[in-house]
Every structure is written in C-alpha cells, then in structure tokens.
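# Chains, contacts and geometry: an overview
Each chain, letter by letter, is given below.
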Amino acid sequence: MEETIELGNLYPHLIEEIFIRIPLKSLTRLKCVSKNWRSFITRLRQSNPPTTASGLVVFFRENRFDSTLHRCTFIKLQDQTVALEKQGYFCPLSVLHKYPCLIDSCKGLLLYATNDDHYWTYHVSVPFASQTQFISLPPAHKVSRPSCASLIFNGFQFKVFCFFWDEYDIASGTMNSLSFSSKSWSWREQQARLMNSQLLLEEGFVRGQCFQPNVYMKGKFYWLWSKFMLVYDENKELFNLIRLPINKSKRTILNAHLSQLLWESEGLIHFCDVVVEGIYLWEYTYDDDEGHSDYKAMDCDSVWRFERLIVLDELKSQKNEFVYWFNDAEKLRMELSWTSRIRPCAFNEDLQVLYLLLLPGSIVTYSFETQRFARVWSFGELGDNYFMCKAYPFLFSSLGV
C-alpha cells in the first residue's frame, strides 16, 4: 500500500504536486517529521527523481613536455543511485584545444589563459555552440604580475576579474585589481580598498595560495586565499579578508588550499576542508552588508557555523575501485597518503551532491541526502596520453543545451 500524508483538505495528487516542487535539501529535512512523511517522501523521490542542468568540465593535459593539445570533457549526472555504484551520466562532448590553462567556468562559459612570455591573454570559450568557439580578449597584464582571474556571466554579458595577489599594501589597506567587460570590450585597472589588511601579517599566510575556483553571489566575489576568504564587493569596490574556520586536525597535504572549496547553496556560502579525519563543512553566516570595521575582534565561531563531518571510511574501503595503480611502489605510496589525493571540486545544488576528484583519474560524489558515496566517472591509467588536472562546475542549460 502506498504511503500518503494529509495536508488539510488537499487531495493526494495535489499534495504530491506540491512536494515535487520542494527543493531536495528541504525535502530531505521534511523526512524527519514522522515515519509516515519519510516513507511518503522516499516513495515520491523514487518515482520522481530530481533532474539537473549542472555538471562538470574536466580539464586534461597531454603527458608530453612540449604538448600543444589539451582536452576538456563535459560530464552531466542524470540521477543519484545507491552508494558506491556507478551513477548515471553522459559525456556529450570532448574538445581538443591548444589552451594550456583552464582558469574558471561560469554558466556555460569557460575561461582559458595563455601567455607569450610577456603578457597574459584570456580566452572565453562557448563549447556548446554549433561549433566550439574561442573568443580572445585583448592582452591583459604582464606575466611578471601574478594574479587570480575569475569569470562571471549573466546570460548576456560576461566579465573577467583579476586581483593581483602580490600587489597589496598593508599600511594603506589597498590591493590592485583588473576587470574586463564584454560590454565595453576593454580592461580597467584600479586600486581598491582592502579591509582588515593587517590580517596578512599573521603567521601561516602564503600569498600565492589562491588558485581554487571563486564563488560569485549578489554582486560579490568569494575566493580562498591561503588561510582566509577574500571577498570583493563590486558595488563598493572594496576587498575584505575573512578568517577561515580553524581546523586543528591533521592535514592530508601541506598545501591545504588544494583540499578546500567554496560554494553557494540557498543564498549562503559554504566551505569544506579535507583532512585525515574526513571532510569538515561550514556555513558562512555573517552579513557582509553590515560592514567590517569590527571584524578583527570577532572569532571564527561568530561568522562560521559548523555543519557536519563527512567520515571517509566508506570511501576508504572502496578506494581500489576508484584509483588506478601504476606499480607496487606507487600503490604503497597512495596507501599511506590516499586522503591527500581527494580534491573537492564542485557542488550540485539540484542533486545535493559534492563532487570529489580522486587523483589520479576518478570522480566520486557524496550525497547529502543519502550520506553515501557514489562513483561518477574514471579516466584511463597513469601513463596514458592525458592526465586529469582540474574539474569545474559547468551549467548546460544556460546556453540551451
């Protein structure tokens, strides 16, 4: 007998129509109301699985020093299945190209970078046009000026924003940045205010650790920058530094920023950190619009709320299914430090799953609904023609695909 619930005088089919439209995260919470609700929602989920227009773009480099060809493969999940079984997915396109650096992805557009030993040039790609297009922007800045570049796209126009992580002044509280608009088709350089710049004097800050993808939300950029979150407000034209949650657990790798990720969900910024114990998750609760003059006096607990710890025991017990061994020596090395191979790379809001890049060549997901892992995709073996470098979120529907 099928489970049903009562909501006033509504007919059962109307109740189902209402529940089908509830976001998966909220639907999962409603399972806690009662056993009857849990059974009803579980049945509804099985008969009406969620769909998503979001997926991944995976960037590969050729295993040659003088390589001039690189590959991008696009992956889209179809449904979340039982733990540790291969999920439904498809790869609608795999593109060979000459651009050695994939920098960012935003709503169906990709940002690449090249340099001629003098200037960096950025290129925006439209991979799902009738023919893959690469649009080259005017030369941006000298190679001697290291930067972190990000792409934003509203469906009609795009912007590229760079901050120069070697060009800040703690005394004056400023940092240099550069922005490009497809509307004006020109670059604009500026020196913006940097709030809480004195935090950069803290022990453990490494200025070059800022290569994870950004999050753009409500006119603000969010980046991971070493032990801080860097926020840039477009309207106010200012930067602000926010301390990341302090995690005293043993690190899996020395470069902690490689095992961390920011994403946006339900209008809030979320942060994850992979350590030996597992994956720690936090939610950023501070209102950036209230000002930052007193931020230094606030501790991390007042701006970050701990959400959960994802234990990796299940993934560890199945790691042989996901990792391709090269030889016995490599196998032993990975056995001793296998958690150092885990890189969080994206979050899917529709399916409530966290994508994890498991080096050297696998992608798995963790479902916040089922609290279990599932395999998405694996690529080749060590020593193949290409090796997996990065994976970014990719939105298929924004370009009508």
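I will try to describe carefully the structure that is included in this document.

Helix and strand counts for the protein stand at 6 helices and 25 strands. Every one of the 401 residues in the protein was classed for burial, and the buried ones make up 52%.

Strand order in this open sheet of 4 strands is E21-E22-E23-E24, and the pairing throughout is antiparallel. Two strands in the sheet have a free side with no partner beyond their single neighbour: strand E21 (342-348) and strand E24 (373-378). Along the sheet, successive strands turn relative to each other by an average axial angle of 25 degrees, direction set aside.

The next point concerns a nonpolar patch on the surface. A grouping of Phe306, Leu309 and Val311 is seen on the molecular surface, where their side chains present a nonpolar patch of about 240 Å² in accessible area. Mapped onto the elements of the fold, Val311 is located in strand E20 (residues 304-311).

On to the state of the cysteines, then. Applying the stated rule across the entire model yields 0 disulfides. In this model Cys148 remains outside any disulfide bridge; the closest cysteine sulfur is found in Cys210, 4.6 Å from its own. For Cys148, a relative accessible area of 6% gives the class buried.

The description of two aromatic rings rests on the distance between their centres and on the angle between their planes. Across all of its chains, the model carries 34 aromatic pairs by this definition. Arranged with centres 6.0 Å apart and planes meeting at 50 degrees, the rings of Tyr122 and Trp187 form a pair that is tilted. Separated by 65 residues along the polypeptide, Tyr122 in strand E6 (residues 119-126) and Trp187 in strand E12 (residues 186-195) bring together distant segments of the chain. Taken as a pair, Tyr122 and Trp187 share a single burial class, namely buried. Both rings, one in Phe161 and one in Phe239, keep their centres 6.2 Å apart while their planes meet at 50 degrees; by these two values the pair is tilted. Of the two residues, Phe161 is situated in strand E10 (residues 158-169) and Phe239 in strand E16 (residues 238-243); the sequence distance between them amounts to 78 residues. Looking at Phe239, the relative accessible area reads 0%, which means it is buried. Three or more aromatic residues joined by ring pairs form one cluster here, namely Phe161, Phe163, Tyr168, Phe205, Tyr216, Phe221, Trp223, Trp225, Phe228, Tyr232 and Phe239.

Close approach of charged atoms allows side chains of opposite charge to pair. Applying the stated rule across the entire model yields 9 salt bridges. The partner of Glu283 in a salt bridge is Arg305, with the nearest N and O atoms 3.2 Å apart. Highlighted residues: Glu283 in strand E19 (residues 278-284) and Arg305 in strand E20, separated in sequence by 22 residues. Overall, Arg305 belongs to the partly exposed group, its relative accessible area being 42%. Taken together, the salt bridges that share partners define one network made up of Arg145, Glu167 and Glu189.

Of the volumes computed, that of the largest pocket is approximately 840 Å³. What lines the largest pocket is a set of 32 residues, among which Ser105, Cys106, Lys107, Tyr216 and Pro393 lie closest to the centre. Secondary-structure elements contributing two or more residues to the lining of the largest pocket are strand E1 (54-62), strand E4 (101-106), strand E9 (148-153), E10, strand E13 (215-217), strand E17 (260-265), E21 and strand E25 (386-395). Class assignment for the residues of the lining of the largest pocket results in 18 nonpolar, 8 polar and 6 charged. The calculated volume of the second largest pocket comes to roughly 470 Å³.

Checked against the element boundaries, Val215 lands in strand E13. Under the relative-accessibility criterion, Val215 is labelled buried at 8%. The sequence separation of Val215 and Trp263 amounts to 48 residues, and the corresponding C-alpha distance is 6.0 Å. Excluding anything up to four places from it in sequence, Val215 contacts Lys220, Phe221, Tyr222, Leu262, Trp263, Glu264 and Ile269.

Here the focus is the sheet that holds E10. With respect to topology, 8 strands assemble into an open sheet ordered E9-E10-E11-E12-E16-E15-E14-E13, the strand pairing being mixed. The open sheet has two free edges, formed respectively by E9 and E13, since each of these has just one partner strand. For this sheet the average axis-to-axis angle between neighbouring strands, irrespective of direction, equals 25 degrees. With 6 bridges connecting them, strand E14 (residues 220-225) and strand E15 (residues 228-233) associate as antiparallel partners. By the bridge assignment for E15, Trp225 is matched with Phe228.

So, about the environment of Tyr355. Position of Tyr355 among the secondary structure elements: in strand E22 (residues 353-358). Within the structure, the side chain of Tyr355 is placed 3.5 Å from the side chain of Asn348, a separation counted as a polar contact.

Right, let's get into the side chain of Ser265. Within the secondary structure layout, Ser265 lies in strand E17. Residue classification places Ser265 among the buried positions, given a relative accessible area of 2%. Looking at Ser265, its side chain comes within polar contact range of the side chain of Glu349, at 2.6 Å. Sequence-distant contacts of Ser265, defined by excluding residues within four places in its chain, comprise Lys25, His270, Phe347, Glu349 and Gln352.

What counts, and at which threshold
- Residues numbered from 1 in each chain as written.
- Predicted model: local features only at pLDDT ≥ 70, side-chain atom pairs only at ≥ 80, totals over all residues.
- Heavy atoms only, no water.
- Helix = DSSP H or I, 4+ residues; strand = E, 2+ residues; numbered from the N terminus.
- Buried < 20%, exposed > 50% of the residue type's maximum accessible area, 1.4 Å probe, protein only.
- Pairing = 2+ DSSP bridges.
- Axes fitted to C-alpha atoms, helices over the stretch in contact; angles between N-to-C directions.
- Patch = residues over 30% accessible without salt bridge, like charges linked within 9 Å, V, L, I, M, F, W, Y side chains within 5 Å.
- Areas by Shrake-Rupley, 256 points an atom, 1.4 Å probe, with all protein chains shown as cover.
- Salt bridge = Lys/Arg side-chain N within 4 Å of Asp/Glu carboxyl O.
- Disulfide = S-S within 2.5 Å.
- Phe/Tyr/Trp six-rings, centres within 6.5 Å; stacked < 30°, edge-to-face > 60°.
- 1 Å grid on protein atoms, 1.4 Å probe; cavity = no way out; pocket = protein on both sides within 12 Å on 5 of 7 lines; lining within 4 Å.
- Points joined across faces, edges and corners; volume = space filled by probe spheres on them.
- Nonpolar A, V, L, I, M, F, W, Y, C, P; charged D, E, K, R; others polar.
- Contact = heavy atoms within 4.5 Å.
- Polar contact = N/O pair within 3.5 Å; in protein donor to acceptor, adjacent residues only side chain to side chain.

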